[in-house]
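Read off the chains here:
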Amino acid sequence: MDKREFETVTNKVLVSGIVQGVGFRPLTFRLAEKYNIRGTVQNKGGMVEIIAQSSQSDFEAFIKELKNARWGGCEIVNLAVKDITESKPEQFTEFRIIGSTAGREISIIPPDLAVCDKCREEMYQKSDRRYLHPFISCMSCGPRYTIIDCIPYDRENTVMEDFVMCKECGREYKSPSDRRFHAQTISCHECGPRLIFRENRELKDEEAYARAAGIIKQGGIIAVKGIGGYHFVCSPFIEETVQNLRKLKGREEKPFAVMFGSVSEIEEYCHVTEKERILLESGARPIVLLYSDNQRLAFSTYKGSVYCGAFLPYTPLQIMLIKDCGPLIMTSGNISDQPIIREDAAMLSLKSPLLDGVLYNERRILRSVDDSVAKIVDKKPQLIRRSRGYVPYPVFLQDNGKNMKIFAAGGDLKAAFCLYQGGSAVVSQYFGDLEEAAVFDEYKASVGDLGGLLQMTPELAVCDMHPGYLSSKYAETLGLPLLYVQHHHAHIASVMAEHHLEGKVLGIAFDGTGYGTDGHVWGSEFMICEGGEFKRAAHLTYTPVLGGDPSMKDAKKTAACFLLNSGLDRFINDDRSGIIKSALDHGINTILTSSMGRLFDAAASMLEIADVNSYEGKCAVFLEKEALLAEKNHIRPRQMSFGITEKEGELLIEPGPVLETLGSEWSERKEEDEEALRRSLALGFHCAVAEAALKVCLMVREKKEINQIALSGGVFQNSVLTEHLIQLLRKSHFEVYYNMAVPPNDGSVSLGQAYIGLMKGR
């Protein structure tokens with residue numbers, strides 16, 4: 001028997017991960033009492049430090065349960081134990097939670113947490129003192145990232161310092177047996193926050209809530225303050241109301257997300273698989289894109305999409321509103337393309353006859369964080385927009401001992417930056433398009449804010465090589481060593497980073513635009529990547545198109561350019577074809593592109609599905625819709641295929657044969673089978689793209705013996721294409737990887753840049 005088993009030993013335990021803001025110290029306190037541990041626990045910088053004094057056997061039992069504990073949003077990344085008995089430490093008589101200290105350790109900050117089931121139950125117990133309290137929370141739920149001013153996560157370092165705890169809340173906060181022991185967001189009806197409703201006059205508490213709910217039921221639109229900003233809220237059933245919401249936001253076409261009270265309620269409107277159910281009910285509560293053929297909501301809610309962006313309430317106030325008003329459109333409280341509004345004064349000053357009031361409170365929001373969007377692909381969750389519930393949780397990379405601190409600027413569309421240090425890559429929340437001045441200002445302010453929160457000062461900046469990107473110009477102002485990275489290389493590197501891929505990887509990056517190393521617009525890139533380097537292996541043949549962002553929205557013009565380049569003038573359906581041809585012939589405002597996104601636009605226009613991208617990707621989205629409906633209705637895809645040639649060591653994918661099939665089949669259509677033919681051709685186009693990609697992968701594998709495939713880029717938001725390609729690749733025994741923790745769109749670029757910066761070093 002080891003005599004130390006019963007002797008008193010003292011151990012120092014350092015715990016890193018999501019261990020602040022999730023009740024980890026109270027959990028440690030309870031386990032310490034259970035196992036007769038004396039000592040202390042405290043937040044120390046971004047970590048938790050435990051001094052544990054006990055017998056060795058009690059300590060081992062304590063550590064075992066601590067490692068395996070499942071508590072709220074807690075996640076232990078690393079737990080290090082050091083025996084300090086021989087240093088003759090202080091002798092303890094009890095276990096205590098002591099004051100936090102600053103430190104230089106890497107901080108992992110918890111994301112905002114959805115209201116937990118226990119708080120939800122209390123909220124509807126009439127005997128509970130927090131009955132119908134719209135801000136009920138505990139150690140396991142409530143806002144975190146959006147209210148933290150600095151680390152460590154203590155009440156005085158959050159916006160909750162504005163609210164003095166009442167006597168009863170103070171008692172609960174100090175009581176080890178209470179589930180709100182050291183819950184920094186603890187509040188009640190007495191100590192606030194409290195509801196306020198502003199229209200012509202100001203109402204508070206129950207009156208404020210009753211008036212706001214009444215307006216919604218009457219078909220009005222109100223702004224409601226949430227965790228990361230305001231939402232505009234209204235009924236999704238009243239066509240006139242939804243049209244008024246579109247006028248208020250300046251958002252003509254894009255579908256709105258709808259919040260429902262439960263998954264069973266969502267199932268009345270959408271198809272929900274078991275994987276989708278799990279994603280809907282996950283702690284992050286993202287908007288989940290679900291297939292829906294239900295016609296019960298107002299047409300202007302979906303605007304013809306087959307996907308409903310459905311999500312569940314994640315704040316107590318949302319639960320109350322949904323319970324009283326039924327399903328609600330809960331869309332970002334902003335004017336189209338502007339940042340989500342988080343300041344009360346800004347929302348209250350938004351004067352519009354279409355906005356019937358503002359329901360808010362005086363709890364400050366320190367940083368704007370929009371709702372996250374996700375879907376299930378390949379039976380796994382994939383993020384489309386990474387924000388609330390996920391940010392600022394890091395993606396963990398292999399540091400390789402370089403100890404680098406990196407700022408990666410990302411791109412200009414779907415902008416998100418990344419801060420990397422010590423194996424943790426923290427990708428920021430989604431910002432939007434940096435060409436909007438207010439969005440760019442928010443982006444720049446957030447770089448300093450998140451850097452300060454993480455206690456991190458970068459030593460290297462990485463950015464896109466596009467000379468006109470605002471994100472790159474900002475990186476250039478930082479006075480740091482600067483690394484420029486090709487856009488699609490960053491896309492593929494983001495997959496390599498997520499999955500810790502080593503050796504050679506064949507990456508497939510399909511998107512709309514990205515500045516190429518030859519100065520042309522890339523977008524259908526097959527790249528052999530290893531470490532921080534790449535070699536282009538294949539792409540669509542270059543097509544000359546009329547340049548400029550407004551032109552990229554014009555799918556009919558894009559179709560004419562592709563058809564002219566392939567000698568298929570007879571299929572052009574555009575009165576401007578003569579002008580377009582003349583401009584291309586004379587090189588007027590012309591660019592060369594290998595963009596897969598533009599090819600999808602061309603196909604959508606040729607099949608008379610959509611001619612204008614009134615929002616980003618609309619034409620491709622509706623082309624996918626027709627392909628999906630073909631699958632749902634068991635319509636076989638029309639056979640078509642791309643040509644593949646080789647030139648100067650690169651494989652070139654020729655779209656001409658596919659465009660000819662689309663043009664000839666559609667021009668010979670009969671009215672009675674038009675819908676079925678359109679769907680058959682749309683599905684055939686998707687299949688042809690997937691089959692061409694497979695052929696390229698097979699040809700590259702034969703020469704280079706590469707079996708790892710990485711998929712990234714905005715086109716891979718298309719589930720029909722992605723699912724088809726994954727299946728084809730796996731049947732040919734490829735190992736297939738794709739973005740999951742970050743979106744496949746430009747929201748992943750900054751992670752890839754950080755990875756390349758780490759690989760290349762300084």
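The notes below deal with the structure included here. (Residues numbered from 1 in each chain as written. Predicted model: local features only at pLDDT ≥ 70, side-chain atom pairs only at ≥ 80, totals over all residues. Heavy atoms only, no water.)

### A look at the sheet that holds strand β21 (residues 460-464)
Spatial ordering of the open sheet is given by β17-β20-β19-β18-β21-β22, a layout of six strands whose pairing is mixed. Of all the strands in the sheet, the pair left with one neighbour each is β17 (395-396) and β22 (482-485). By the bridge criterion, four bridges tie β21 to β22 in an arrangement that is parallel. Bridging from a neighbouring strand, V462 pairs with L483 of β22. Strands in contact with helix α14 (residues 487-499) are β17, β21 and β22; relative to β22, the strand with the most contacts, it is inclined by about 100 degrees. Running over the sheet, helix α23 (residues 749-760) touches β17, β18 (405-408), β19 (418-421), β20 (424-427), β21 and β22 and is turned about 145 degrees from β18. (Pairing = 2+ DSSP bridges. Helix = DSSP H or I, 4+ residues; strand = E, 2+ residues; numbered from the N terminus. Contact = heavy atoms within 4.5 Å. Axes fitted to C-alpha atoms, helices over the stretch in contact; angles between N-to-C directions.)

### Quick notes on the environment of T590
Note on placement: T590 falls in strand β27 (residues 590-593). In sequence terms T590 and P544 are 46 residues apart; their C-alpha atoms lie 6.2 Å from each other. With near-sequence residues (within four places) excluded, T590 lies in contact with P544, V545, L546, G547, A583 and L584. For T590, the side chain forms a polar contact with the main-chain oxygen of I588, separated by 3.1 Å. (Polar contact = N/O pair within 3.5 Å; in protein donor to acceptor, adjacent residues only side chain to side chain.)

### Some thoughts on unusual backbone geometry
Residue G192 is joined to P193 through a cis peptide bond whose omega torsion reads 10 degrees. Positionally, P193 belongs in the loop between α4 (167-174) and β6 (196-198). Residue P392 is reached from V391 by a cis peptide bond, and omega for that bond is 10 degrees. Structurally, the position occupied by P392 is in the loop between β16 (380-385) and β17. One non-glycine residue with positive phi stands out, namely K303, at about 55 degrees. Within the secondary structure, K303 sits in the loop between α9 (299-302) and β12 (307-311). A relative accessible area of 21% places K303 in the partly exposed class. A positive phi angle, near 55 degrees, is found at E608, a position not held by glycine. (Buried < 20%, exposed > 50% of the residue type's maximum accessible area, 1.4 Å probe, protein only.)

### Observations concerning the pairing of strand β30 (residues 708-712)
In terms of burial, β30 is a largely internal element, five of the five residues being buried. Burial along β30 is two-sided: Q708, A710 and S712 facing one way and I709 and L711 facing the other are all buried. As judged from the four bridges shared by strand β23 (residues 505-515) and β30, these two strands associate in the parallel manner. Looking at the pairing, I508 lines up with L711 of β30. Pairing of β30 with strand β31 (residues 735-738) involves four bridges; the strand directions are parallel. The residue of β31 that forms the bridge with A710 is Y737. On the question of chirality, the crossover connecting β30 to the parallel β31 by way of helix α22 (residues 719-731) is right-handed. (Right-handed = clockwise from strand over helix to strand, strands pointing away.)

### Focus: the sheet that holds strand β9 (residues 230-234)
Sheet architecture is open: 11 strands sit in the order β7-β6-β14-β8-β9-β13-β10-β12-β11-β15-β16, paired in mixed fashion. The open sheet is flanked by β7 (202-204) and β16, the only strands paired with a single partner. The sheet shows a mean angle of 35 degrees between the axes of neighbouring strands, taken without regard to direction. Pairing geometry for strand β11 (residues 287-291) and strand β15 (residues 373-377), over two bridges, is parallel. Counterpart to I287 in the pairing with β15 is V373. The strands touched by helix α10 (residues 316-325) within the sheet are β8 (222-225), β9, β10 (257-259), β13 (328-332) and β14 (358-360), with β13 carrying the most contacts at an inclination of about 145 degrees.

### Quick notes on the packing of aromatic side chains
Throughout the structure, instances matching the rule amount to 16 aromatic pairs. Note on F260 and Y269: the rings are 5.3 Å apart at their centroids and 40 degrees apart in plane angle, and the pair reads as tilted. F260 gets classed as buried once you look at its relative accessible area, which sits at 0%. Their ring planes at 45 degrees and their centres at 6.1 Å tell us that F407 and F417 sit as a pair that is tilted. Of this pair, F407 sits in strand β18 while F417 is found in the loop between β18 and β19, placing the two residues 10 residues apart along the sequence. Each member of the aromatic cluster is reached from another via a ring pair, and the members are F407, F417, F431, F440, Y443 and Y474. A cation over an aromatic ring shows up here: K323 above the ring of Y124, its NZ or CZ 5.0 Å from the ring centre. Geometry around Y314 places R388 over its ring, the cationic atom sitting 3.5 Å from the centre. (Phe/Tyr/Trp six-rings, centres within 6.5 Å; stacked < 30°, edge-to-face > 60°. Lys NZ or Arg CZ within 6 Å of the ring centre and 35° of its normal.)

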